[in-house]
Amino acid sequence: QVTLVESGGGLVQAGDSLRLSCAASGRPFSDYAVAWFRPAPGKEREFVSHLSWSRGMTNYADSVKGRFTISEDNAKNTMYFQMNRLKPEETAVYYCAGGTYDGSTYYRVDEYGVWGPGTQVTGSS
């Protein structure tokens, strides 16, 4: 059993950068495919980014490619999410997720069985 806890959220302005963290306890992060999701209009949660340590691959939603970077420090059992040039519409609760299935449908919410409680990223004017 693994537990995930996000941190690093806060107040941001358009164009700011922020780094989120997701700490895992109970099992090594490297045992999982991991991802970040956030709520979106018409959806409970939308896919933002994915990392598979075992397959050596990362994936991003088109809207964040080139601005956001997902990474993992296995020694610390922590995943990071560097978000640069944030946009006002990206204000949201960001959730990290882990799943033992590690296939091509990494963007699906139901592929992940473990979720953190979320960390809030709030835009300020």
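Residues numbered from 1 in each chain as written. Predicted model: local features only at pLDDT ≥ 70, side-chain atom pairs only at ≥ 80, totals over all residues. Heavy atoms only, no water.

Considering the overall build of the protein
Logical step 1: On a plain count of helices and strands, the protein comes out with 0 helices and 11 strands.
Logical step 2: Each helix (α) and strand (β) of the protein, taken in turn from the N terminus, gives the series β-β-β-β-β-β-β-β-β-β-β.
Logical step 3: Relative to a compact globule of 125 residues, whose C-alpha radius of gyration would be 14 Å, the protein shows 13 Å and is just as compact.
Logical step 4: Seen through its principal axes, the protein has C-alpha atoms that stretch 40 × 30 × 25 Å. (Helix = DSSP H or I, 4+ residues; strand = E, 2+ residues; numbered from the N terminus. Rg over C-alpha atoms; globule rule 2.2 N^0.38 Å.)

Let's talk about the packing of aromatic side chains
Logical step 1: Summed over all chains, the structure comprises 8 aromatic pairs.
Logical step 2: Where Phe-37 meets Phe-47, the ring centres are 5.9 Å apart and the plane angle is 75°; that geometry is what we call edge-to-face. Pair noted here: Phe-37 is in strand β4 (residues 33-40) and Phe-47 is in strand β5 (residues 43-52), with a separation of 10 residues, a long-range link. In this pair, the class of Phe-37 matches that of Phe-47, namely buried.
Logical step 3: Positioned over the ring face of Tyr-95 is Arg-45, at 3.6 Å from the centre of the ring.
Logical step 4: Its end group placed over the ring of Trp-115, Arg-45 keeps NZ or CZ at 4.7 Å from the ring centre. (Phe/Tyr/Trp six-rings, centres within 6.5 Å; stacked < 30°, edge-to-face > 60°. Buried < 20%, exposed > 50% of the residue type's maximum accessible area, 1.4 Å probe, protein only. Lys NZ or Arg CZ within 6 Å of the ring centre and 35° of its normal.)

Quick notes on the environment of Gly-123
Logical step 1: Structurally, Gly-123 can be placed in strand β11 (residues 119-123).
Logical step 2: With sequence-adjacent residues up to four places away left out, Gly-123 is seen in contact with Val-12 and Thr-91. (Contact = heavy atoms within 4.5 Å.)

A short note on the pattern of salt bridges
Logical step 1: With the rule as written, the count across this model stands at 6 salt bridges.
Logical step 2: In this structure, Asp-31 engages Arg-27 in a salt bridge whose closest nitrogen and oxygen atoms are separated by 3.3 Å.
Logical step 3: One salt bridge connects Glu-46 with Arg-38, and the closest N-O pair in it is separated by 2.8 Å.
Logical step 4: Each of Arg-38, Glu-46, Arg-67 and Glu-90 takes part in salt bridges that share partners, so that together they form one network. (Salt bridge = Lys/Arg side-chain N within 4 Å of Asp/Glu carboxyl O.)

Fair warning: the whole summary comes from geometry, so function is off the table for now.
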